[in-house]
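Listed below are the residues making up each chain.
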Amino acid sequence: MARLGITHETRYAYERPVAFGPHRLLIRPRDSHAIRIVEARLATSLPGQTRWSYDASGNCVCTFQPEGEADFLTITSSLVIDRFPAPLTDQAVADPHTVSPIVYGREDRAVLDPFIRPATEDADRVMLRWLREQMERPDEPAVDFLLRLNATIHDQFEYQARSAEGTQSPALTVARGAGTCRDFAWLMVEALRRLGYAAMFATGYIYSPSHGGIRGAGATHAWCEVFLPDLGWTEFDPTNGLAESEDLIRVAATRTPAEALPVSGTVIGDPGLSELSVAVDVQQLDALCEAA
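Here is what the cut-offs are and how they apply
Residues numbered from 1 in each chain as written. Predicted model: local features only at pLDDT ≥ 70, side-chain atom pairs only at ≥ 80, totals over all residues. Heavy atoms only, no water. Helix = DSSP H or I, 4+ residues; strand = E, 2+ residues; numbered from the N terminus. Rg over C-alpha atoms; globule rule 2.2 N^0.38 Å. Buried < 20%, exposed > 50% of the residue type's maximum accessible area, 1.4 Å probe, protein only. Core = buried A, V, L, I, M, F, W, Y, C linked by side-chain atoms within 4.5 Å. Contact = heavy atoms within 4.5 Å. Domains from an automatic or database assignment. Buried area = accessible area lost by both parts, 1.4 Å probe. Salt bridge = Lys/Arg side-chain N within 4 Å of Asp/Glu carboxyl O. Nonpolar A, V, L, I, M, F, W, Y, C, P; charged D, E, K, R; others polar.

## Let's talk about the overall build of the chain
Within the chain, the secondary structure is distributed over five helices and 14 strands. Taking 2.2 N^0.38 as the reference for a compact globule, 292 residues should give roughly 19 Å; the C-alpha atoms of the chain span a radius of gyration of 20 Å, in line with that estimate. Principal axes of the C-alpha set define a box for the chain whose edges measure 60 × 50 × 40 Å. Residues counted as buried form 47% of the 292 residues belonging to the chain.

The structure is reproduced here in structure tokens:
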């Protein structure tokens, strides 16, 4: 167990002063058995009203309305959290002997259906052909298959950091053989949905001492969450080949990447040239003896 300090700064710079419309912030984790928020501070370069709520997926959302005009806007979230790791166990899951279709109970299925339906097209069957290549024996347990697919994306695809907003389509990621953490997460989510798994796009932070050997440190990070009978929502990070790692700090999980933007909003007026910079720092503050 660890206590972590997280600083997430987003800065927009414009050629000319502008006014601002509402901004939607997905920057605060929700308290859970895995994460306890000890301190939370939000600092902005402009004054304005804030309103906190939960969206339909249970994510903590802040609506911020900046006041006045400026040629830049800075939003800084500072957190102190207690992180309680929950490593993937060997617990048997219901009906684990087939990769597809995995069997969900009626009550679970009613909730999970939106996360089972694919959200992207694969007109040329690029992703489908790649996915078929990943299928091995038909009696492979679900957890084994998920760990293998997670490792395959990590091992076979080239990681390329990209500052531009947006996420590649899964078919394009397969065709290019390269992408960012959000591209790899989205590929795994949409691939699993085509096999009948319920999967979500998760975003947040990753802890890495000195950023050594960890892809995606120093910025917001993305991974895949899969719902498994008896195990519930389970984290797989194909960018780093991790599963249920204590280094993953979940802020939000959504049906598509477009819903998971950490900061989104509008400007009023002509900004001219604009520039976006994001910096994330995650540091261990001290160790905890036990979970509460």
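Now that the structure has been shown, we can carry on.
## What about the nonpolar core?
Across soluble globular proteins, you tend to see nonpolar side chains buried next to one another. In this structure, W130, L192 and Y197 are the most contacted members of the largest nonpolar core, which totals 46 residues. Elements with a contribution of two residues or more to this core: α1 (106–116), α2 (126–134), α3 (142–156), α5 (181–193), β8 (198–206), β9 (221–228) and β12 (248–254). With nine residues, the top contributor of residues to this core is α5. The residues contacting W130, other than those within four sequence positions of it, are L149, I153, Q156, F157, V174, L187 and A191. Ranked by size, the runner-up nonpolar core spans 30 residues in total, among them I37, L46, F64 and A252.

## Comments concerning the domain arrangement of the chain
How big an interface is tends to be reported as the loss of accessible area on association of its parts. According to the domain assignment, the chain contains domain 1 (2–84 + 261–284) and domain 2 (106–245). A separation of 26 Å is found between the C-alpha centroids of domain 1 and domain 2. Taken together, the contact between domain 1 and domain 2 spans 14 residues of the former and 10 residues of the latter. Counting each side, the surface lost to burial between domain 1 and domain 2 is near 1,000 Å², with a carbon and sulfur contribution of 60%. Considering only the side of domain 1, the residues that lose the most area to domain 2 are R83, V280 and V282, jointly responsible for 38% of the buried surface there. On the surface where domain 1 and domain 2 come into contact, there are zero salt bridges. Looking at the side of domain 1 that touches domain 2 residue by residue, the class counts come to nine nonpolar, four polar and one charged.

## Some remarks on the pattern of salt bridges
Tallied over the entire structure, the rule returns 13 salt bridges. Residue D82 pairs with R3 through a salt bridge whose shortest N-O separation is 2.6 Å. One end of the pair, D82, is in strand β5 (residues 70–83); the other, R3, is in strand β1 (residues 2–25), with 79 residues separating them in the sequence. Judged by its relative accessible area of 1%, D82 is buried. When its relative accessible area of 24% is taken as the criterion, R3 is described as partly exposed. Notably, a salt bridge pairs R24 with D55, separated by 3.4 Å at the nearest N-O pair.

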